[in-house]
There are 2 protein chains.
Amino acid sequence: MLFGEYVRKKREMLKATDRRFSVRQVARRIGVEPAYLSKVERGEVAPPSEAKIRALAEELGEDPDVLLAMAGKVSSDLLEVIRKRPQLFAQLIRELKTLPDHAILRLVREVRDGDW
Amino acid sequence: MLFGEYVRKKREMLKATDRRFSVRQVARRIGVEPAYLSKVERGEVAPPSEAKIRALAEELGEDPDVLLAMAGKVSSDLLEVIRKRPQLFAQLIRELKTLPDHAILRLVREVRDGDW
DNA sequence: CAGCATGTGTACTTTATAGTACACAGTTAA
DNA sequence: TTAACTGTGTACTATAAAGTACACATGCTG
């Protein structure tokens, strides 16, 4: 699903029961012009900056990492982590690239619970 | 160490025993103007694009991921991997953020050798 | 039914990115 | 000693990113 398409769907859903989720009002709350948000939702322009996407995620109750991914971006805090130890993380991520979700989840849990 | 500084040092080292590593000749081989490479090495302008950095890494015998990191970038193939499963990888990377190198290396090996 | 709210079209702007093109002075090598 | 090669200063360019500003027709509502 495209970024704008997804945002529009979610916003319209919220609008159905709460009129505070109009294009204009959401735009105002996340700090952009209404015309811009409208264009973003219709895919007429590229998705906004990371900061605006975060604000939008907050507003819509969505996972910022997911919304960023839909926008073709990766959270800058993750980039920072990788940038600090590029070989280590590059190796790991390429290793995990083809693993199924459950295997990666297992890894996450192992690290979280284990004595690492 | 800054990107340009590092590149200059490495290139000068190679140049010491092989005159094919002048600014001009390296620039030509990686496909940029000599003046531009000169400015990059002296930090007068920002580091080049990912593609040029890759060519430079190849040329200098350096790890592209490391050079990219010095340039403040992350390899686009890694971004792609994360973008495809943002929640999973975001969770994992944030979990690993503070782990020591050896722990992450252990993880890499475990995944590579184990039955995942 | 007047008035505010709504979504969107059009036109423009600002800043960053990623460089090119050319000239010039100093260095080296034949 | 001249021809080529070297590094760099200056000026410029093209494209993308990330929006703003305003006008307009439509629609709801109190």
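Residues numbered from 1 in each chain as written. Chains lettered and ligands numbered in written order. Predicted model: local features only at pLDDT ≥ 70, side-chain atom pairs only at ≥ 80, totals over all residues. Heavy atoms only, no water.

Draft legend 1. A look at the protein's contact with DNA strand D. Close contacts around DNA strand D come from 24 residues, with A:Ser49, B:Arg8, B:Val23, B:Arg24 and B:Arg42 the closest. Of what DNA strand D places within 4 Å of the protein, 57% of the atoms are sugar or phosphate. Take B:Arg24: an N or O atom from its side chain is 2.3 Å from a base oxygen of DNA strand D. In the environment of DNA strand D, a phosphate oxygen lies 2.5 Å from a nitrogen or oxygen atom belonging to the side chain of B:Arg42. Within the residue set of the surface near DNA strand D, elements represented by two or more residues are α3 (34-41) of chain A together with α1 (3-17), α2 (23-30) and α3 (34-41) of chain B. (Near = heavy atom within 4 Å. Polar contact = N/O pair within 3.5 Å; in protein donor to acceptor, adjacent residues only side chain to side chain. Helix = DSSP H or I, 4+ residues; strand = E, 2+ residues; numbered from the N terminus.)

Draft legend 2. Summary view of helix α7 (residues 86-96) of chain B. All of the buried residues in α7(B) are B:Pro86, B:Leu88, B:Phe89, B:Ala90, B:Leu92, B:Ile93 and B:Leu96. Summarising the contacts, the buried residues of α7(B) are in contact with α5 (64-70), α6 (76-84), α7 (86-96) and α8 (101-113) of chain A together with α6 (76-84) and α8 (101-113) of chain B. (Buried < 20%, exposed > 50% of the residue type's maximum accessible area, 1.4 Å probe, protein only. Contact = heavy atoms within 4.5 Å.)

Draft legend 3. Geometry of the domain arrangement of chain A. Once the domains are mapped, chain A shows domain 1 (3-74) and domain 2 (85-113). A straight line from the C-alpha centre of domain 1 of chain A to that of domain 2 of chain A covers 30 Å. (Domains from an automatic or database assignment.)

Draft legend 4. Here's a closer look at the relation of the copies chain A and chain B. Rotating chain A by 180° about the axis while translating it 0.0 Å along that axis superimposes it on chain B, leaving an RMSD of 0.0 Å. This pairing of chains is accounted for by a two-fold axis. (Least-squares fit on C-alpha atoms with pLDDT ≥ 70 in both.)

Draft legend 5. Quick look at the side chain of A:Glu62. Residues and elements named next belong to chain A. For Glu62, the position within the fold is in the loop between α4 (50-60) and α5. A relative accessible area of 16% means that Glu62 is categorised as buried. In this structure the side chain of Glu62 is engaged in a polar contact, spanning 2.7 Å, whose partner is the side chain of Tyr6. Apart from the residues within four sequence positions on either side, Glu62 is in contact with Tyr6, Lys10, Ala57 and Leu67.

Draft legend 6. View of the protein's contact with DNA strand C. In the vicinity of DNA strand C, 24 residues are found, and the nearest of them are A:Arg8, A:Val23, A:Arg24, A:Arg42 and B:Ser49. Counting only atoms of DNA strand C within 4 Å of the protein, the fraction found in sugar and phosphate groups is 53%. Note that a phosphate oxygen of DNA strand C is positioned 3.0 Å from one of the side-chain N or O atoms of A:Gln25. Listing elements by their share of the surface near DNA strand C, those giving two or more residues are α1 (3-17), α2 (23-30) and α3 of chain A together with α3 of chain B. With 4 residues, α3(A) is the single largest residue contributor to the surface near DNA strand C. Considered class by class, the residues forming the surface near DNA strand C number 7 nonpolar, 5 polar and 12 charged. (Nonpolar A, V, L, I, M, F, W, Y, C, P; charged D, E, K, R; others polar.)

Draft legend 7. Local environment of the packing of α6(B) against α7(B). All names here are of chain B. As a packed pair, α6 and α7 sit with axes 5 Å apart at the nearest point and diverge in direction by 110°. With respect to their mutual orientation, α6 and α7 come out roughly perpendicular. Contacts from Val81, Ile82, Arg83 and Lys84 in α6 reach Pro86, Phe89 and Ile93 in α7. Here the contact of α6 with α7 is composed, by residue class, of 5 nonpolar, no polar and 2 charged. (Axes fitted to C-alpha atoms, helices over the stretch in contact; angles between N-to-C directions. Parallel < 35°, antiparallel > 145°, perpendicular 65-115°, else oblique.)

Draft legend 8. Expanded view of the pattern of salt bridges. Applying the stated criterion across every chain yields a total of 28 salt bridges over all chains. Note that A:Arg11 is salt-bridged to A:Glu41, the shortest N-O span being 2.6 Å. Remark: A:Glu41 occurs in helix α3 and A:Arg11 occurs in helix α1; sequence separation between them is 30 residues. Look at A:Glu41 and you get buried, because its relative accessible area is 4%. With its nearest N and O atoms 3.0 Å apart, the salt bridge here joins B:Arg54 to B:Glu50. Remark: B:Glu50 and B:Arg54 occur in helix α4 (residues 50-60); sequence separation between them is 4 residues, near one turn of the helix. By relative accessible area, which is 31% here, B:Arg54 ends up partly exposed. What you see here is one network of salt bridges that share partners, running through A:Arg8, A:Arg11, A:Glu12 and A:Glu41. (Salt bridge = Lys/Arg side-chain N within 4 Å of Asp/Glu carboxyl O.)

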